[in-house]
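# Structure at a glance
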Amino acid sequence: MKRILDFVLRKFIQTGSLRVVFSDGIVRTYRGSKPGLEAGLHLRTKQAERALIVNSGLAFGEEYMAGSIVPDGCTLETLLTVLMENINSHGHVFEEIEDRLRYVTRAWKTLNSLKTSRSNVAHHYDLNGTLYDLFLDEDRQYSCAYFEREDMTLEEAQAAKKRHIASKLNLDRPGLDVLDIGCGWGGMALTLAKDYNARVLGITLSREQLGVARQRAKEAGLDGQVRFELIDYRNLHQQFDRIVSVGMFEHVGPPQFEAFFQKVKACLKPDGVALIHSIGRMDGPGTTNPWIQKYIFPGGYSPALSETLAAIERSGLWMTDCEVLRLHYARTLAEWRKRFDANREKIRALYDERFVRMFEFYLVGAELSFRVQGHMNFQLQLTRSIDAVPFTRDYMFERERESANR
């Protein structure tokens, strides 16, 4: 097996260099023809060596969680950067085959029924709430922040994100009925109620998030204005002036894209406005990394704009605005990582070392997917009517400035 892995690595490393310590103590260095970072990797077991040949996309993360794969003389970030850059430029021959097979089977893996969706959400979002307090901002915004300035704190950037989205919703009068699909712990819904005098229904499939959101509304004195319910978007049968969805579309899955936008259309009043904020990819339709699919976001998929817009077109909705946020999520994840690292011992006490290594691998890999692998965020403004929003985009900037100056 070591000979096969040696052959694969000689072909695979085309950029930078990778120094590998094999389980028998033999050390080999693989240098690419293109300049790049230098990284080191220690394979502590023969099982780790075998796994990297058979299913590298899943195995690398699993063996890192088990402590059988460790960075050698470098950080995990540097190691993953070297590996990801080489996946981009050349690819591991077996990984390419695996990726093609994943693409063929991606439909059934993201065929998220009502029951499956509830289970998928519980897998990640019903974890101990204390965990999220240890690395998110005070409002528990678990999505891409918006860094208007280089010196912004995470809290400031998350508040700016909510202002940015609210400006695109064109909340031009008090008392608007707003639907928040995938409301998380309630931060967006509470902000729209408090700062924009909206009446909000927030829906989630997470019982943990639901309890926290309801408690927050009660403590803020907004429980008469904001309502949170455990409802799947597919089971809604009422109309709203505005619809917002932040970081939820990644959990819909390609087979349900058209149904999702049909439901958005059905739930919008004729002059209504919707804003969908999602992780996306710039290189066309793809697949979800199998490790992420198994351990972090089962049923999840970051969509390409091309397949998203095709579903919107079929729904009959107008796309009245589109913005791509490139490195904002990389910066957000970097801030989460700093807080996570500062609280490693507390998180280990909540779970165990394996969980800490799993979550660390997720946060580092996610950040690098935005820095080196073409992931980004997009915000789509959608309407049923051609004239539902003002003639030019100036209103967005004006409302955002007004909100920031309050």
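That block above? That's the structure.
Now for a description of the structure that goes with this document. None of the values given here were measured: they were computed from a predicted structure.

Taken together, the six bridges between strand β1 (residues 15-21) and strand β3 (residues 34-43) define a ladder with parallel strand orientation. Each residue of the ladder has a partner; that of Val-21, found in β3, is His-42. Strand direction decides the pairing type here: β3 and strand β4 (residues 69-71), joined by three bridges, are antiparallel. In the sheet register, Leu-41 faces β4, and the bridge partner there is Pro-71.

With that out of the way, let us pick up the packing of helix α3 (residues 56-66) against helix α16 (residues 353-371). Between α3 and α16, the shortest axis-to-axis distance is 8 Å and the interhelical angle comes to 140°. With respect to α16, the axis of α3 lies oblique. The interaxial crossing formed by α3 with α16 has right-handed handedness. On the side of α3, the interface is formed by Phe-60, Gly-61, Tyr-64 and Met-65, while α16 contributes Arg-354, Arg-357, Met-358, Glu-360 and Phe-361. Partitioned by chemical class, the residues of the contact of α3 with α16 number five nonpolar, one polar and three charged.

With nine of its eleven residues buried, α3 lies for the most part within the structure. Those residues of α3 that fall on the buried side of the exposure criterion are Ser-56, Gly-57, Leu-58, Ala-59, Phe-60, Gly-61, Glu-63, Tyr-64 and Met-65.

Once that is clear, we can look at the environment of Gly-224. Residue position: Gly-224 is located in the loop between α10 (207-219) and β7 (226-230). The class of Gly-224 is exposed, set by a relative accessible area of 82%. When the C-alpha atoms of Gly-224 and Arg-199 are compared, they prove to be 8.7 Å apart, with 25 residues separating the residues in sequence.

Summed over all chains, the structure comprises 34 salt bridges. Among the ionic pairs, Arg-163 bridges to Glu-148, the shortest N-O distance being 3.3 Å. Of this pair, Arg-163 sits in helix α8 (residues 154-169) while Glu-148 is found in the loop between α7 (129-133) and α8, placing the two residues 15 residues apart along the sequence. Overall, Arg-163 belongs to the buried group, its relative accessible area being 18%. Under the relative-accessibility criterion, Glu-148 is labelled partly exposed at 38%. Two residues, Arg-199 and Asp-177, come together in a salt bridge whose shortest N-O distance is 2.9 Å. Taken together, the residues span a long stretch of sequence, with Arg-199 in strand β6 (residues 199-204) and Asp-177 in strand β5 (residues 177-181) at a distance of 22 residues.

Quick look at the sheet that holds β1 now. Judged by pairing direction, the sheet is mixed, and its four strands sit side by side in the order β2-β1-β3-β4 without closing on themselves. Lying at the two open borders of the sheet, with one neighbouring strand each, are β2 (27-31) and β4. Taken pair by pair, the neighbouring strands of this sheet meet at an average axis angle of 25°, ignoring direction. Packing of helix α4 (residues 76-89) onto the sheet brings it into contact with β1, β3 and β4, and relative to β3 it is tilted by some 120°.

Moving on to the packing of helix α14 (residues 328-342) against α16. In contact at an axis separation of 8 Å, α14 and α16 are set at 155° when each is read in the N-to-C sense. Comparing their axes, α16 and α14 come out roughly antiparallel. Relative to α16, α14 is oriented so that their crossing is left-handed. Counted together, Tyr-329, Ala-330, Arg-331, Leu-333, Ala-334, Trp-336, Arg-337 and Phe-340 of α14 and Val-356, Phe-359, Glu-360, Leu-363, Val-364, Ala-366, Glu-367, Phe-370 and Arg-371 of α16 form the full contact between these two elements.

All right, on to the packing of aromatic side chains then. Scanning all chains against the criterion turns up 25 aromatic pairs. Consider the rings of Tyr-142 and Trp-185, whose centres lie 6.3 Å apart with planes at 40°: the pair is tilted. Linking Tyr-142 in the loop between α7 and α8 with Trp-185 in the loop between β5 and α9 (187-196), this pair joins segments that are 43 residues apart in sequence. A relative accessible area of 2% means that Trp-185 is categorised as buried.

Bringing unusual backbone geometry into the picture now. Here the phi dihedral of Arg-140 falls at roughly 55°; this positive angle occurs in a residue that is not glycine. Residue placement: Arg-140 occurs in the loop between α7 and α8. By relative accessible area, which is 12% here, Arg-140 ends up buried. Even without a glycine there, the phi angle at Asn-197 is positive, about 55°. Relative to the helices and strands, Asn-197 is located in the loop between α9 and β6.

Procedures and definitions
- Residues numbered from 1 in each chain as written.
- Predicted model: local features only at pLDDT ≥ 70, side-chain atom pairs only at ≥ 80, totals over all residues.
- Heavy atoms only, no water.
- Pairing = 2+ DSSP bridges.
- Helix = DSSP H or I, 4+ residues; strand = E, 2+ residues; numbered from the N terminus.
- Axes fitted to C-alpha atoms, helices over the stretch in contact; angles between N-to-C directions.
- Parallel < 35°, antiparallel > 145°, perpendicular 65-115°, else oblique.
- Left-handed = near helix turned anticlockwise from the far one by under 90°.
- Contact = heavy atoms within 4.5 Å.
- Nonpolar A, V, L, I, M, F, W, Y, C, P; charged D, E, K, R; others polar.
- Buried < 20%, exposed > 50% of the residue type's maximum accessible area, 1.4 Å probe, protein only.
- Salt bridge = Lys/Arg side-chain N within 4 Å of Asp/Glu carboxyl O.
- Phe/Tyr/Trp six-rings, centres within 6.5 Å; stacked < 30°, edge-to-face > 60°.

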